[in-house]
Amino acid sequence: MTLKELAAKAAEVYKDNPKVEAVYIAGSISREWEDEHSDIELHVLWGEGPSEDDRRIPVERLNGKMISFYEYEDEEWSETYEMEQKKLEMSHFLTQTVVRKIQKVTREFQVDIEDQCIAASVHFGIPLYGEELLDGLKAKVLVYPEALSHSMIEAHSNLGPRWKHRHTLLEREDWLMFYSLMASTQEKVMGLLFGLNCMYVHHPAYKWQKQSLELMNIKPDQLKERLESVFLSSPAKGLKDLESVVEDLQILVDERKDT
């Protein structure tokens, strides 16, 4: 049974609950990026908050083995369980919460990454139940707002005060702080690229970086290789390559401002 078929099998159980309004596949499977390490990510939208039994009973009906079970936190209920030797990562939201998060991103142009991840999950999500509701949500995120693009560029353009001391860290061989800076700067670069390319960020840690870069039309030349060099080549070369990426990206940002 494929991952999508297992997801559909699980959705059949969740939709029996009258409080459930929609179920959809999120994560790598929804983007056809899954590999042998991928789990099944399912999002369940509820008209009213699920009880503990609402979440545990489907696992029992599916003969699942619970791995983790979390109470309501950051507007989400979540659990992970194993089913037919595959791991399912469940995220439960009130439908009104998802609607509000989408509005914050698409109407208020807020750059909150977690909210963008919800918008991205809806945009790419594969409906398994509640297609009409999900079609309406997909319509809300279909067009990436120009104002959000500007907000993302502004929010990620400042590389922070530590960037000024990058050569000092290199000369001191202060590797922990040096590579922490290299990683945080790459995150800023990715935030800028998502804004420039009018793409919702789909993971708070910019997971699936290679696949994301392949989807982008506006980017410096040979970007994937240059970003890989930051961590895979010598520290000095990695820093030089990252500096060149930052310079090239600034040119693209300036060109965007001029249009």
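Up top you'll find the structure we're talking about.
Throughout, a residue's number is its position along its own chain's written sequence, starting from 1. In keeping with the predicted nature of the model, local features appear solely for residues at pLDDT of at least 70, side-chain atom pairs appear and are counted solely at 80 or more, and the whole-chain, interface and lining totals rest on all residues. Where side-chain values are given, they derive from all heavy atoms of the structure, hydrogens and water being excluded.

Section: the sheet that holds strand β1 (residues 20-26)
At least two DSSP bridges between two strands are required for those strands to pair. Under the scheme used here, helices are H or I runs from DSSP no shorter than 4 residues and strands are E runs no shorter than 2 residues, and both carry numbers assigned from the N terminus. Reading across the sheet, the 6 strands line up as β3-β4-β5-β2-β1-β6 and stay open at both edges, with mixed pairing between neighbours. Across the chains shown, the open sheet's two edge strands, defined by having one partner strand only, are β3 (65-73) and β6 (126-129). Each adjacent strand pair in this sheet contributes to an overall mean axis angle of 20 degrees, direction not counted. Sheet analysis places β1 next to β6, joined by 3 bridges and oriented antiparallel. Residue pairing in the sheet places Ile 25 in a bridge with Ile 126 of β6. For every element, the axis is a line fit to its C-alpha atoms; helices are fit only across the contacting stretch, and the angle between N-to-C directions ranges from 0 to 180 degrees.

Looking at the layout of surface pockets
Think of a 1 Å grid over the protein atoms and nothing else: a 1.4 Å probe that fits but is trapped marks a cavity, an open set flanked by protein within 12 Å on at least five of seven lines marks a pocket, and residues with an atom within 4 Å of a point count as lining. Grid points are joined across faces, edges and corners, and a volume is the space filled by probe spheres set on the points. In this structure, the largest pocket encloses a volume near 880 Å³. Along the walls of the largest pocket sit 38 residues, with Glu 41, His 43, Glu 76, Ser 91 and Pro 204 positioned nearest its centre. Of all elements in the fold, only α2 (27-30), β2 (40-46), β3, β4 (76-83), β5 (86-94) and α5 (113-124) reach the threshold of two or more residues within the lining of the largest pocket. Top element by residues in the lining of the largest pocket is α5. It accounts for 5 residues. All amino acids are sorted into three groups, where Ala, Val, Leu, Ile, Met, Phe, Trp, Tyr, Cys and Pro are nonpolar, Asp, Glu, Lys and Arg are charged, and the leftover types, Gly among them, are polar. The residue inventory of the lining of the largest pocket, partitioned by class, reads 10 nonpolar, 13 polar and 15 charged.

Things to note about the state of the cysteines
Note on terminology: a disulfide is the covalent bond linking the sulfur atoms of two cysteines. Cysteine sulfurs are considered disulfide-paired once they come within 2.5 Å of each other. According to the stated counting rule, one finds 0 disulfides in the structure shown. Here Cys 117 is not cross-linked by a disulfide; its sulfur's nearest cysteine counterpart is in Cys 198, at 17 Å. Only protein chains enter the accessibility calculation, which uses a 1.4 Å probe; a residue whose area is less than 20% of its type maximum is buried, one above 50% is exposed, and one in between is partly exposed. Take Cys 117: its relative accessible area is 11%, and that puts it in the buried class.

Points about a negative patch on the surface
A cluster of acidic residues, Glu 32, Glu 34, Asp 35 and Glu 36, forms a negative patch on the protein surface. Looking at the secondary structure, you find Glu 32 in the loop between α2 and β2. Look at Glu 32 and you get exposed, because its relative accessible area is 62%. Residues enter patches when they are more than 30% accessible in relative terms and free of salt bridges; like-charged ones are connected within 9 Å and nonpolar ones (Val, Leu, Ile, Met, Phe, Trp, Tyr) within 5 Å. Computed with a 1.4 Å probe, the accessible areas rest on the Shrake-Rupley method; for each residue, only the protein chains presented here act as cover. In the sections that follow, a salt bridge refers to a side-chain nitrogen of Lys or Arg positioned within 4 Å of a carboxyl oxygen of Asp or Glu. His is not counted here, nor are the chain ends, while Lys and Arg score as positive and Asp and Glu score as negative. The atom standing in for a charge is NZ when the residue is Lys, CZ when it is Arg, CG when it is Asp and CD when it is Glu.

Read these as geometric descriptors, not functional statements.
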